[in-house]
Amino acid sequence: MDIVLAAEQLNPLVPHTVEIVVGLIAFGLLYWVLAKTVFPQFEKIYAERTDKIEGGLKRAEEAQAEAQRIKQQYDDQLAGLRAEAARIRDDARAEGQQIKAELRADAEAEAARIRARAEEQILAQREAAVRSLRAEVGSLATQLAERIIGSELSDPARRSATVDSFLQELDGVDSRQPTGAN
Amino acid sequence: MTTMATAPAPGFEAPGVEDFQLPPIFGPVTKPVLELALAAIIVVVLFRLAVRKPQLVPSKTQFLGESFHGIVRNSIAKDMIGPEFLRYVPFLTALFAFILVNNLFGIIPFIQFPTFSHPGVPYALALLVWVIFTVVGIRHHGLGGYLRISTWPPDVPWWVRIILTPIEFISNIILRPVTLSLRLFGNMFAGHLLLLLFILGGQYMLFTADSILLKILSPFAFLMGIVFTFFEAFVQVVQAYIFVMLTASYIGTVLADDH
Amino acid sequence: MTGSLNVVGYGLSAIGPGIGVGIVFAAFINGVARQPEARGQLQGIAFIGFALSEALAILGLVLAFAI
């Protein structure tokens, strides 16, 4: 049939050589230009965009970590200072205690020393008094005896007055003596 | 068509294969040849405009270029190829853009001829794709591994294998490029024929036919022509998408570690 | 009325693949509706199935013009 013949002459499945050649060259050039200049730019921009977003997140994380670290450091420092202050206070208290104890010991020692010296003095004065008494008692007794013997022994009232006045003389010596010793 | 044939005026010559035989413009250069060159120029110029001043916050043209690239990169290549998809994204994007522009020539006024309703370039592109996925497969698995992955599905009893292996061989190694190119060609061819039928038919009804009824009805033919123009726009985009999608999926299957 | 019987044959032969492609994508849509996270995997399988069934229609087209 002529229809079949016509179809054979104009078979749409038969390619045109010129088209194939031009098409391949056109596509090849197109691919070459795009792959060399355009798509790397796109990929670069995608990468930059991703980097910008992820980088921002990362930077925020880093800042937070840094803040955390500094806070930790500050806390540590604070705790250290607190411990230091407590230590200093304890030291001061201990030192004060020690100083107090030392002062007390010193004062006690001083007091003991003063007391000892006072006792010594008292002893010495007493000895001196005893010594002077011992020296005086003889003469006094002798004087008293002389006066008694010299006056009338029969009058008891005179006798007792004599004794009293003598003793009063002695008292005046006695009452003067201790104030001088102190 | 029977109505038209009964008209006493010269019968309606339905558009056919001969409408696709375009006269040369000069030398061997015909309209599709010019369209091929024009398509390449358009794609290159548009993409160069998109990256003229690359910025992190994209301008309008840059955003369009990035979206186009991003569709091929993220929803075709990444899903179909797997972890090594980045190497193939430039090829797939260039292929998609080239085919899309050439297809859309079918409905762009004054050009109105889909380049790929001539089968030459689809053949060439499909052959290119075949070479690429074969080379990728052989490089990735070795010749034996590539053949095993393409023809030797695992866990199949031997008596099924007798039938299955030749079928797999034919469908995976021989028919893949054939169907890839012919699908594109066939859709463009049929779509253009459809538009021709409506427009030429309407023209015939309006100007040539004697019947007044046909003259009155002719606007409907033109209306259908417009409706089918939109349909063709859709088909053209879808065919470009499917071509790239299948290319990516073929590369993906030869890269996969099991069948 | 003129024309090629081959093209009628092609029209008939395209019925089967047409149904097949419809079934493939129906199954794909069902699968994605049930498990949206499996979309990437299903998409690859769906398109391979689609290509396989449509291959028959394309063979019909070739034969319609070639014989």
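Please read these numbers as outputs of a predicted model, since none were measured by experiment.

> Just give me the short version of the overall build of chain B, but keep the residues and values in it.
Summing up its helical and strand segments, chain B has seven helices and zero strands in all. Ordered by position in the sequence, the α and β elements of chain B form the string α-α-α-α-α-α-α. Relative to the 2.2 N^0.38 estimate, which gives 18 Å for 259 residues, the radius of gyration of chain B is 23 Å and therefore markedly larger than a compact globule would have. In terms of its C-alpha atoms, chain B occupies a principal-axis envelope of roughly 70 × 60 × 35 Å. When the 259 residues of chain B are sorted by exposure, 41% land in the buried category. Taking the intrachain contacts of chain B between residues at least 6 apart in sequence as the baseline, contacts between residues at least 24 apart amount to 66%.

> With reference to specific residues and values, describe the overall build of chain A.
Counting its secondary structure elements, chain A contains three helices and zero strands. Walking chain A from its N terminus toward its C terminus, one meets helices and strands in the order α-α-α.

> Run through the confidence of the model for chain A, naming residues and quoting values.
Residues and elements named next belong to chain A. Per-residue pLDDT for chain A averages 83, and the proportion of residues at 70 or more is 87%. Summarising per-element confidence for chain A, the mean pLDDT is lowest in helix α1 (residues 2-9) (45) and highest in helix α2 (residues 17-150) (89). Taken as a whole, residues 1-8 scores under 50 in pLDDT and shows five contacts with residues more than four places along the chain or in a different chain. Contacts for the low-pLDDT stretch residues 178-182, under 50 throughout, to residues beyond four places or in other chains number one contact.

> Just give me the short version of the interface of chain B and chain C, but keep the residues and values in it.
Each partner contributes to the interface: chain B provides 15 residues, whereas chain C provides 13 residues. Only α1 (2-6), α3 (60-81), α6 (158-208) and α7 (212-255) of chain B provide two or more residues apiece to the side of chain B that touches chain C. Considering each element in turn, the side of chain B that touches chain C owes the most residues, six residues, to α6(B). Broken down by class, the residue content of the side of chain B that touches chain C amounts to seven nonpolar, six polar and two charged.

> Which residues make up the interface of chain A and chain B, and what values go with them?
Each side of the interface is counted separately: chain A has 28 residues, and chain B has 34 residues. Examining the composition of the side of chain A that touches chain B, we find that 22 residues originate from one element, α2(A), more than from any other.

> Now, about the confidence of the model for chain B: what can you tell me, with residues and values included?
Low-confidence regions, as indicated by low pLDDT, have predicted coordinates that should not be scrutinised in detail. All names here are of chain B. Looking at chain B, the pLDDT average stands at 88 and 96% of residues meet or exceed 70. At the low end of the mean pLDDT range in chain B sits α1, at 46; at the high end sits helix α4 (residues 89-104), at 94. Note that pLDDT drops below 50 for residues 1-7; the model gives that stretch eleven contacts with residues more than four away or on any other chain. Scored as a complex, the prediction yields pTM 0.72 and ipTM 0.88.

> Describe the nonpolar core, naming the residues involved and giving the relevant values.
Within the largest apolar cluster, 77 residues are counted, with the highest numbers of intra-cluster contacts made by A:Leu30, B:Ala77, B:Leu92, B:Phe98 and B:Val244. Of all the secondary structure elements, the ones that give two or more residues to this core are α2 of chain A, α2 (31-50), α3, α4, α5 (120-151), α6 and α7 of chain B together with α3 (39-66) of chain C. In terms of nonpolar packing, the next biggest core, distinct from the first, is built from five residues, B:Tyr204, B:Met205, B:Ala209 and B:Leu214 among them.

> Can you break down the packing of α2(B) against α4(B) residue by residue, with the values?
All names here are of chain B. The interhelical angle for the contact between α2 and α4, taken along N-to-C directions, is 125 degrees, at an axis separation of 9 Å. On the basis of the axis angle, α2 is oblique to α4. Judged by the twist between their axes, the crossing of α2 over α4 is right-handed. The segment α2 lies against α4, with Glu 35, Leu 36, Ala 39, Ala 40, Ile 42 and Val 43 engaging Ala 97, Phe 98, Val 101 and Asn 102. Residue composition of the contact of α2 with α4, by class: eight nonpolar, one polar and one charged.

> An account of the environment of B:Pro166 is needed here, citing residue identities and associated values.
Among the secondary structure elements, B:Pro166 is positioned in helix α6. Along the sequence, B:Pro166 and B:Tyr88 sit 78 residues apart, while their C-alpha atoms lie 29 Å from each other.

> Before we move on, can you summarise α2(A) with the specific residues and values?
Its 134 residues give α2(A) an end-to-end C-alpha distance of 188 Å, which sits within 8% of 200 Å, the value for a rise of 1.5 Å per residue. Maximum bend of α2(A): about 45 degrees, positioned at A:Ala35. Among the 134 residues of α2(A), twelve are classified as buried, and the element is accordingly described as predominantly exposed. Where α2(A) is concerned, the buried positions are A:Glu19, A:Ile20, A:Val22, A:Gly23, A:Ala26, A:Phe27, A:Leu30, A:Tyr31, A:Leu34, A:Val38, A:Phe39 and A:Phe42. Looking at the buried residues of α2(A), the elements they touch are α2, α3, α4 and α5 of chain B.

> Describe unusual backbone geometry, listing the residues and the values that go with them.
All names here are of chain B. Phi is positive for Phe 110, close to 70 degrees, though the residue is something other than glycine. Position of Phe 110 among the secondary structure elements: in the loop between α4 and α5. One non-glycine residue, Asp 155, adopts positive backbone phi at about 55 degrees. Here Asp 155 shows up in the loop between α5 and α6.

Reading the values: rules and limits
Residues numbered from 1 in each chain as written. Chains lettered and ligands numbered in written order. Predicted model: local features only at pLDDT ≥ 70, side-chain atom pairs only at ≥ 80, totals over all residues. Helix = DSSP H or I, 4+ residues; strand = E, 2+ residues; numbered from the N terminus. Rg over C-alpha atoms; globule rule 2.2 N^0.38 Å. Buried ≥ 20, exposed ≤ 12 C-beta atoms within 10 Å, placed from the backbone. Contact = placed C-beta atoms within 7 Å. pLDDT = per-residue confidence, 0-100. Nonpolar A, V, L, I, M, F, W, Y, C, P; charged D, E, K, R; others polar. Core = buried A, V, L, I, M, F, W, Y, C linked by C-beta atoms within 7 Å. Axes fitted to C-alpha atoms, helices over the stretch in contact; angles between N-to-C directions. Parallel < 35°, antiparallel > 145°, perpendicular 65-115°, else oblique. Left-handed = near helix turned anticlockwise from the far one by under 90°. Expected span 1.5 Å × (residues − 1). Bend = angle between axes of the 7 residues up to and from the residue.

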